[in-house]
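# Understanding the architecture of this molecule
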Amino acid sequence: MESDDEINSFHTSDDEGMDDPDSDLSNGEDSDVEDELEEYDGDDVGFESQEKIGKQQKKPYEVDFKVYSPEDIQRAQQRTVDEVKGVLQQSPEATAILLRSFRWNRDKLIDAYMERREAVLEQAGLGDEASSGAKIMTVPGFCCEICWDDSPEMQTFAMKCGHRFCVDCYKRYLTTKIKEEGEASRIRCPGDDCSRVVDSKSIDLLVSEDAHDRYLELLTRTYVDDLENLKWCPAPNCVYAVDCKIKPRDLPRIVPTVHCDCSHEFCFGCTLNDHQPAPCMLVRKWLKKCEDDSETANWISANTKECPRCHSTIEKNGGCNHMTCRKCRHEFCWMCMGVWSEHGTSWYNCNRYEERSGAEARDAQAKSRQSLERYLHYYNRYANHEQSAKLDKDIYIKTEKKMTQLQTTAGMSWIEVQFLEAASQALQQCRQTLKWTYAFAFYLARNNQTEIFEDNQKDLEFAVENLSEMFEKPVDQLAGLKVDMMDKTSYCNRRRIILLSDTAENLKNGNWEFNVDFDTPR
Amino acid sequence: MAKRIVKELTDCTQAPPTGMKIHLLDEQDIHQWEVVMDGPDGSAYAGGHFKLRVTLPEDYPFKPPVLNFTTKIYHPNVSNDGKGSMCLGMLRSDEWKPPNKIAAVLAMARNLLLEPNTEDAIETTIADQYKSDRKAFEATAKEWTKKYASGK
Ligand SMILES: [Zn+2]
Ligand SMILES: [Zn+2]
Ligand SMILES: [Zn+2]
Ligand SMILES: [Zn+2]
Ligand SMILES: [Zn+2]
Ligand SMILES: [Zn+2]
């Protein structure tokens, strides 16, 4: 397992001239994760920011990625334009249009341009001469075909194509396109039947500042949308993009979780929230299944259950699975409804679905019931961790509030309660992982690797429930539990790393067998 | 943009496009036109008089006009939902260019009565019928023309 399997693309440093066929924005068909062993160039002027990788040793489930601000993206575009314009002997404006029409694949553009220059220019809307010598002027006897104004002093504008309109109309046309229709790189000349693209110089000349800002923003957007190795962070209002070299075809072997600077963790493959250790295709299948079976699932994930002894209704109010019936004081496990005393140390019965006897399986009806039961077994645990994560968080928020009050009364200092936050964060992260281990397990076919996986799952689950339980202790006892809680927090984190490392290694090496076909990625 | 709209209206009323009568729905509002379009000879709509509403948006001609058949019509490119909208070709904001004229839009609409565009149909079942069973299509189109577009 080498750490250089996944590397950063986007290495747009100046010393990598355009004679390097593998350089930056080509992002073409050439790359296989295994054979790209380039190092990220840390001296890169454009993208020196936020280097998160390479400092510590990379875990098997981690991938290389970089987070870019809108300014970084702007600069990268500019640099590519600067590099390519000399080769094409074109103005920066025309070069930008050409690059956009080739989705920023500059090698493809250069090749095509050398081979069939006229066709490439025509296709990009740059017909005949691509330099824009356009300027604003008055033309005697001119009547604007848009507003029908023919005042003699009227300012007019036309690009090389000669479709001339008054400046006000031209401006309003561009502003409408930019601000209302969200167009930028493919705005055409307003002339009837003219497909010439309006270059950025003409836009600079004509539109107001706020429309121009929007224009640049939109151009940046299309740039990120055009490149396979760049994706917008899906968090609401986040302006960052993430660069990751993982390709769709790598997704059956890698789950590329990335961390945006806004703190959002998401999968670069499908942009859903982090779903390690389950690969994207399983996640897609699982979510679809849950949606299709949502009625049963809803029933199952209902927030209340009956006490297995006295049948009174019990509501789950914390993340912990250790339930005590208020009425009869019966202690049981929320997940399996088994007696709690049998759990404590041997979590065993709770994470693994025991396949039923062959006799029962022979009966067709029992079989379909069994397959539903099997699904519900995993779904139940999946939903439980999702639900528990929320409850853990609620409790943490409440606890934190109480602790703040305590600080003033009991004289506890702020630093002493930081361990609670760390514990809460560990719980959230571990439950997120555990949740997906159940979707993963649902599709996992039994082989000699699965036992280790189940042990890891069991260990993490046990650690998590242990830590979660501590949160439910009365606030005044928490201070005394600090050391214990810190130990348990780091134990949880360690178990999570072990589980994720093991699943990722085996996924990469193709050691898992699944009971469904992996769709070939889009 | 009043100057532009008045110019178009004058042109359209002085020399109306083939088979059409054009006037303002309300003399006070140059943004609402009413058109009576004769069903073209040789089409299933022949003999019918179809009323259309042309609505010019506030930012016309930077945004395309909106076209609605107020007379019910059986056609793949006219929505059969009580709105009678037609939305293809230059009526789309990504294809519309400000120098385009209402007369051209109306000519396009009339042309579609002669030759429906099944590739870009809003009523896909009608389009399928047009392609697979032209006779049945024409029968219904004629029947509707008789029922809704004759008289007046
Ligand atoms: Zn004008
Ligand atoms: Zn033009
Ligand atoms: Zn973000
Ligand atoms: Zn994914
Ligand atoms: Zn009970
Ligand atoms: Zn249990």
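This text follows the structure it describes.
Heads up: these notes are all about the structure in this document. Treat the numbers as computed from the prediction; the structure is a model and nothing was measured. Starting afresh in each chain, residues are numbered from 1 along the sequence in its written order. All chains are assigned letters beginning with A, and all ligands numbers beginning with 1, in the order in which they are written. The predicted origin of the model limits local features to residues at a pLDDT of at least 70 and limits the giving and counting of side-chain atom pairs to 80 or more, whereas totals for whole chains, interfaces and linings rest on all residues. Values shown for side chains rest on all heavy atoms present in the structure; no hydrogens or waters enter the calculation.

### Things to note about the packing of helix α5 (residues 167-180) of chain A against helix α7 (residues 209-226) of chain A
Packed helices, taken two at a time, are described by the angle between their axes plus the distance between the axes. All names here are of chain A. Here an angle of 0 to 180 degrees is reported between the N-to-C directions of two axes, which are lines fitted to C-alpha atoms, with helices fitted over the stretch in contact. Strands here mean DSSP runs of E at least two residues long; helices mean DSSP runs of H or I at least four residues long; both are numbered from the N terminus. Close contact between α5 and α7 brings their axes to 9 Å; oriented N to C, the two are set at 50°. In terms of axis orientation, α5 runs oblique to α7. Crossing angle aside, the handedness with which α5 passes α7 is left-handed. In this structure, α5 uses Thr175, Ile178 and Lys179 to contact α7, whose residues at the interface are Asp210, Ala211, Arg214, Tyr215 and Leu218. The nonpolar class holds Ala, Val, Leu, Ile, Met, Phe, Trp, Tyr, Cys and Pro. Asp, Glu, Lys and Arg form the charged class, and all remaining residues, Gly among them, are polar. Along the lines of polarity and charge, the residues of the contact of α5 with α7 split into 4 nonpolar, 1 polar and 3 charged. When describing relative orientation, an angle under 35 degrees is termed roughly parallel and one over 145 degrees roughly antiparallel, while 65 to 115 degrees is termed roughly perpendicular and anything else oblique. We call a crossing left-handed when the near helix sits turned anticlockwise from the far one by less than a right angle, and right-handed when that turn is clockwise. Whether two residues are in contact is decided by their heavy atoms, any of which lying within 4.5 Å being enough.

### Brief notes about the coordination of the zinc ion (ligand 1)
Here the term donor refers to an N, O or S atom within 2.8 Å of the metal (or 3.2 Å for Na, K and Ca), and because water is left out of the atoms, sites may appear incomplete. Protein ligation of the zinc ion (ligand 1) involves Cys144 of chain A (SG), Cys147 of chain A (SG), Cys166 of chain A (SG) and Cys169 of chain A (SG), the donor distances falling in the range 2.2 to 2.4 Å. Geometry is assigned from donor-metal-donor angles: four donors are tetrahedral when every angle falls between 85 and 135 degrees, four are square planar and six octahedral when opposite donors sit over 155 degrees apart with all other angles between 65 and 115, and any other arrangement is irregular. One way to put it: the 4 donor atoms around the zinc ion (ligand 1) meet at angles of 102 to 120°, and that makes the site tetrahedral.

### Overview of the sheet that holds strand β2 (residues 137-138) of chain A
Residue and element names in this part refer to chain A. Reading across the sheet, the 3 strands line up as β2-β3-β4 and stay open at both edges, with antiparallel pairing between neighbours. Two strands lie at the open edges of the sheet, namely β2 and β4 (165-166), each paired on one side alone. A pair of strands is labelled paired if DSSP reports no fewer than 2 bridges between them. The sheet contact formed by strand β3 (residues 155-157) and β4 spans 2 bridges and is antiparallel. By the bridge assignment, Phe157 is partnered in β4 with Phe165.

### So, the coordination of the zinc ion (ligand 2)
Tetrahedral coordination by four donors puts the ideal angle at the metal at 109.5 degrees, and octahedral coordination by six puts it at 90 or 180 degrees. Residues and elements named next belong to chain A. Protein-derived ligands of the zinc ion (ligand 2) are Cys161 (SG), His163 (ND1), Cys189 (SG) and Cys194 (SG), with the metal-ligand distances lying across 2.0 to 2.4 Å. Seen from the zinc ion (ligand 2), its 4 donor atoms lie at angles of 99 to 116°, and the figure they make is tetrahedral. Sequence positions of the residues that donate to the zinc ion (ligand 2) give the spacing C-x1-H-x25-C-x4-C. Of the two residues, His163 is situated in the loop between β3 and β4 and Cys189 in the loop between α5 and α6 (200-206); the sequence distance between them amounts to 26 residues.

### Observations concerning the interface of chain B and chain A
Taken together, the contact between chain B and chain A spans 16 residues of the former and 21 residues of the latter. Take the accessible area each of two parts loses on contact, using a 1.4 Å probe, and add the two losses: that sum is the buried area. Between chain B and chain A, roughly 1600 Å² of surface is buried when both sides are summed, and carbon and sulfur atoms account for 57% of that area. Contact with chain A buries area across many residues of chain B, yet Phe62, Lys97 and Pro99 of chain B alone supply 38% of it, more than any other trio. Within this document, salt bridges are pairs made up of a side-chain nitrogen of Lys or Arg and a carboxyl oxygen of Asp or Glu, the two lying within 4 Å of each other. Across the chain B-chain A interface, the total number found is 4 salt bridges. Here a polar contact means two N or O atoms within 3.5 Å. Within protein one must be a hydrogen donor candidate and the other an acceptor candidate, and residues neighboring in sequence count only if both atoms are side-chain atoms. Across the chain B-chain A interface, the total number found is 8 residue pairs in polar contact (both at pLDDT 80 or more).

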